Amino acid sequence: MPYLAKILIYPIKSLDGVEIQQGRIINGGALEHDREFAIFDEHSRVVNGKRNPSIHQLRSYFHISHREISLQFPGKDSEYVFHLDEERQTLAAILSDFFGFAVTLAQNSQGGFPDDLQSPGPTVISTATLAEVASWFPGVTIDEMRRRMRANLEIDGVPAFWEDQLFSESGEVLSFQVGDVQFFGVNPCQRCVVPTKDSFSGVAYPSFQKIFVQKRQATLPEWSATSRFNHFYRLSVNTKLPSSEAGKFISVGEEIKIIYKN
């Protein structure tokens, strides 16, 4: 039986995630506190692992209920603790020193800062998929692959790439449920340069994208909607949620059901 094995949120976009047991759906269709904050440079560009590999060297630990973040910088043993609301300017100043250029910390509590504005719901992947993809790269563990892919919802009790059933050949959205919360599966997520890099050091794995594309194409299951792959550097599923689901909760252990498939 497909079931929800993990829920991960990333309170500050591009920093470390937090595993939670229950998540609330907010008005924009995202999980509460997921990508609630983002770091921006003076040109209003998001500071992330795509352009700023040094961000991988930052370790962050979030205390959601206390609205606090603990940061550990490379080469330093001590942690710096900041209140996300009351000490935001101080936090931005410390981050500016680390990056070597001025940054600000912006907040969007209504919808966060998703990569895909058309599909701002939680991204979905299976545990078996992470294990399979990790096996393509000697020395890369499932935990490391999980950190690289940064999906929100992880499904277990299914084979690798089971989540490819959550989008359709025709391009129409596909309805599925996590517990009693309705989701629309939209498309396989196009990956960026971030998964090619070690999540702690930012060092790129040699030929990562080339290996990934070859293996992904070779292992594409029969249930995958092949027309949705204009290339094979795609993994996990982008979603969106109807407005009726705002305020509902999803919990680890709940069953996943496909409601409609073309």
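Residues numbered from 1 in each chain as written. Predicted model: local features only at pLDDT ≥ 70, side-chain atom pairs only at ≥ 80, totals over all residues. Heavy atoms only, no water.

### A short note on the sheet that holds strand E7 (residues 80-83)
What counts here: In this description, strands pair whenever DSSP reports at least two bridges between them. The secondary structure listing takes helices from DSSP runs of H or I that are at least 4 residues long and strands from runs of E that are at least 2 residues long, numbered from the N terminus. Lines are fitted to the C-alpha atoms to define the axes, a helix being fitted only along its stretch in contact, and any angle between axes, read from their N-to-C directions, falls within 0 to 180 degrees. It only takes one pair of heavy atoms within 4.5 Å for two residues to be counted as in contact.
With antiparallel pairing, the 3 strands of this open sheet are ordered in space as E5-E6-E7. Of all strands in the sheet, those with a lone pairing partner are strand E5 (59-63) and E7, marking the two edges. Each adjacent strand pair in this sheet contributes to an overall mean axis angle of 20°, direction not counted. Pairing of strand E6 (residues 68-72) with E7, which is carried by 4 bridges, proceeds in the antiparallel orientation. Residue Ile69 lies in a different strand from E7, and its bridge partner there is Phe82. Sheet strands touched by helix H1 (residues 88-99): E6 and E7. Its angle to E7, the strand with the most contacts, is close to 140°.

### Brief notes about H1
Spelled out, the test is: Helices are assigned an expected span. That span is 1.5 Å times one less than the residue count. Any residue under 20% of the maximum accessible area for its type is buried, any over 50% is exposed, and the rest in between are partly exposed; the area is computed with a 1.4 Å probe on protein chains only. The arc refers to the directions leading from the helix axis to the C-beta atoms.
Between the first and last C-alpha of H1 there are 16 Å, a value that for 12 residues agrees with the 16 Å anticipated at 1.5 Å per step. Buried within H1 are the following residues: Leu91, Ala92, Leu95, Ser96 and Phe99. Along the axis of H1, the buried residues cluster in a sector spanning 140°; they form a single face. In this structure, the buried side of H1 is in contact with strand E4 (37-41), E6, E7 and strand E8 (103-107).

### Regarding the packing of aromatic side chains
Worth spelling out the cut-off: Within 6.5 Å between ring centres, the rings of Phe, Tyr and Trp (the latter by its six-membered ring) count as paired, and their orientation is classed by plane angle as stacked under 30 degrees, edge-to-face over 60, tilted in between.
If you walk through the whole model with that rule in mind, you get 15 aromatic pairs. Pairing Phe137 with Phe208 gives two aromatic rings, centres 4.2 Å apart and planes at 10°, and the pair type is stacked. Here the residue Phe137 occupies a position in the loop between helix H2 (127-135) and helix H3 (142-149), and Phe208 occupies one in helix H4 (residues 208-218), the gap between them amounting to 71 residues. With a centroid separation of 5.3 Å and an interplanar angle of 90°, the aromatic rings of Phe212 and Tyr233 are classed as edge-to-face. Linking Phe212 in helix H4 with Tyr233 in the loop between H4 and strand E13 (234-240), this pair joins segments that are 21 residues apart in sequence. The two residues Phe212 and Tyr233 agree in class, both being buried. A connected cluster of aromatic rings, assembled from ring pairs, spans Trp136, Phe137, Phe161, Tyr205, Phe208, Phe212 and Tyr233.

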